[in-house]
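# A closer look at the structure
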Amino acid sequence: MEVLKLRKARITDVPGIHKLLMDFAKQGLVLPRSYSELYGQLRDYLVLTDEKNNVFGCCGLSIVWEDLAEIRSLVVAQSKQGQGWGKKMVETCLSEAITLGIYKVFVLTYQQNFFEHLGFKVVDKSVLPQKVWADCLKCPKFPECDEIAMLIEM
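Figured I'd write up the structure that's included with this text. What you are looking at is a predicted structure, and each value in this text was computed from that prediction instead of being measured. By convention here, each chain's residues receive numbers from 1 onward along its written sequence. Given that this is a predicted model, residues contribute local features only at a pLDDT of at least 70 and side-chain atom pairs are listed and counted only at 80 or more, while totals for whole chains, interfaces and linings are drawn from all residues. Computation of side-chain values covers all heavy atoms of the structure but excludes hydrogens and water.

## Focus on the packing of aromatic side chains
Geometry of an aromatic ring pair is reported as the spacing of the ring centres plus the angle between the planes. Working definition: a ring pair exists when centres of Phe, Tyr or Trp rings (six-membered ring for Trp) sit within 6.5 Å. Plane angles under 30 degrees give stacked, over 60 give edge-to-face, the rest tilted. The full count for this structure, using the stated rule, is three aromatic pairs. An angle of 90 degrees between the planes, with centres 5.0 Å apart, marks the rings of Phe 114 and Phe 115 as edge-to-face. Since its relative accessible area comes to 29%, Phe 114 is described here as partly exposed. Each residue gets one of three labels from its accessible area relative to the maximum for its type: buried under 20%, exposed over 50%, partly exposed in between, using a 1.4 Å probe on protein chains only. Classification of Phe 115 by relative accessible area gives buried; the value is 3%. Ring geometry for Phe 115 against Phe 120: centres 5.2 Å apart, planes inclined by 80 degrees, an arrangement best described as edge-to-face. Across this residue pair, the class does not change: Phe 115 and Phe 120 are buried. Grouping aromatic residues by their ring pairs yields a cluster made of Phe 114, Phe 115 and Phe 120. The ring of Phe 56 is capped by Lys 80, whose NZ or CZ atom sits 4.7 Å from the centre of that ring. The rule for a charge over a ring is simple: NZ of Lys or CZ of Arg within 6 Å of the ring centre, and within 35 degrees of the ring normal. Here Lys 88 stacks its cationic end above the ring of Trp 85, 4.4 Å away from the centre of that ring.

## Overview of the pattern of salt bridges
One side-chain nitrogen of Lys or Arg within 4 Å of one carboxyl oxygen of Asp or Glu is enough to make a salt bridge. A complete count under the given rule lists eight salt bridges for this structure. One salt bridge connects Glu 96 with Lys 8, and the closest N-O pair in it is separated by 3.7 Å. With Glu 96 in helix H3 (residues 85–99) and Lys 8 in strand E1 (residues 5–8), this residue pair connects regions lying 88 residues apart in the sequence. Accessibility expressed as a relative area gives 27% for Glu 96, which makes it partly exposed. With its nearest N and O atoms 3.6 Å apart, the salt bridge here joins Asp 67 to Lys 104. Taken as a pair, Asp 67 in the loop between strand E3 (55–65) and strand E4 (68–76) and Lys 104 in strand E5 (residues 104–109) lie far apart in primary sequence, 37 residues in all. For Lys 104, a relative accessible area of 28% corresponds to the partly exposed category. Numbering of helices and strands runs from the N terminus; a helix is a DSSP stretch of H or I covering at least four residues, while a strand is a stretch of E covering at least two.

## What about the sheet that holds strand E6 (residues 121–122)?
In this description, strands pair whenever DSSP reports at least two bridges between them. Pairing within the open sheet is mixed, and its seven strands lie in the order E1-E2-E3-E4-E5-E7-E6. At either margin of the open sheet sits one strand with a lone partner, and together these are E1 and E6. Packing of helix H1 (residues 14–26) onto the sheet brings it into contact with strand E2 (45–49), E3 and E4, and relative to E3 it is tilted by some 85 degrees. Contact criterion: two residues are considered in contact whenever any of their non-hydrogen atoms come within 4.5 Å of each other. With axes taken as lines fitted to C-alpha atoms, and helix axes fitted only over the stretch in contact, angles between N-to-C directions fall between 0 and 180 degrees. The sheet contacts of H3 involve E1, E2, E3, E4, E5 and strand E7 (148–153), and relative to E4 the element is tilted by about 160 degrees.

## Describing the pairing of E5
Among the six residues in E5, five count as buried, and that is most of the element. Two elements, E4 and E5, share two bridges in a ladder whose sense is parallel. Note on E5: the bridge partner recorded for Ala 69 is Val 105. For the handedness criterion, the β-α-β arrangement of E4, H3 and E5 is classed as right-handed. The pairing of E5 with E7 spans six bridges and is classified as antiparallel. By convention, orient the strands away from the viewer: a clockwise path from the first strand over the helix to the second makes the crossover right-handed.

## Notes on the nonpolar core
Nonpolar side chains tend toward joint burial in soluble globular proteins. Core analysis: the biggest nonpolar cluster contains 40 residues, and Ile 17, Ile 71, Val 90, Val 105 and Phe 120 have the highest contact counts within it. Among the secondary structure elements, those contributing two or more residues to this core are H1, E2, E3, E4, H3, E5 and E7. The residues touching Val 105, leaving out its near neighbours within four places in the chain, are Leu 61, Leu 68, Ala 69, Glu 70, Ile 71, Leu 94, Ala 97, Phe 120, Met 150, Leu 151, Ile 152 and Met 154. Here the nonpolar core consists of buried residues drawn from Ala, Val, Leu, Ile, Met, Phe, Trp, Tyr and Cys, with membership extended through side-chain atoms lying within 4.5 Å.

Now the structure itself:
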């Protein structure tokens, strides 16, 4: 039986994270991340791995400001979807935010129902600080963003 575990990302996970994110980015579901970004932001990421350290999921918690963080790059490999791993990754990130003293976390997503079930509420993008939009400049959909802004206040 395959055993999966959720843990903080390690440097050796970057190629697996990159491949997974690029697969989902090709479908327009997440922003692509370069190797440089992933190495530089590695401490932000959790990974879902098997006993051979193959990466089947990832999720990042990025601190944006003194009172705000973002959940980003949440993906679970098709073969592992529907098993609750996405929810576990988000809950782990929210717990880490609380540990850091951050009680507002947002996400830009196409998965509104998923995040609503976790307590996130749809908000107007204008309520988020301008700093949030730095990644948008790299997005092929900029400036015609169709992602949904959602926020949870804990």
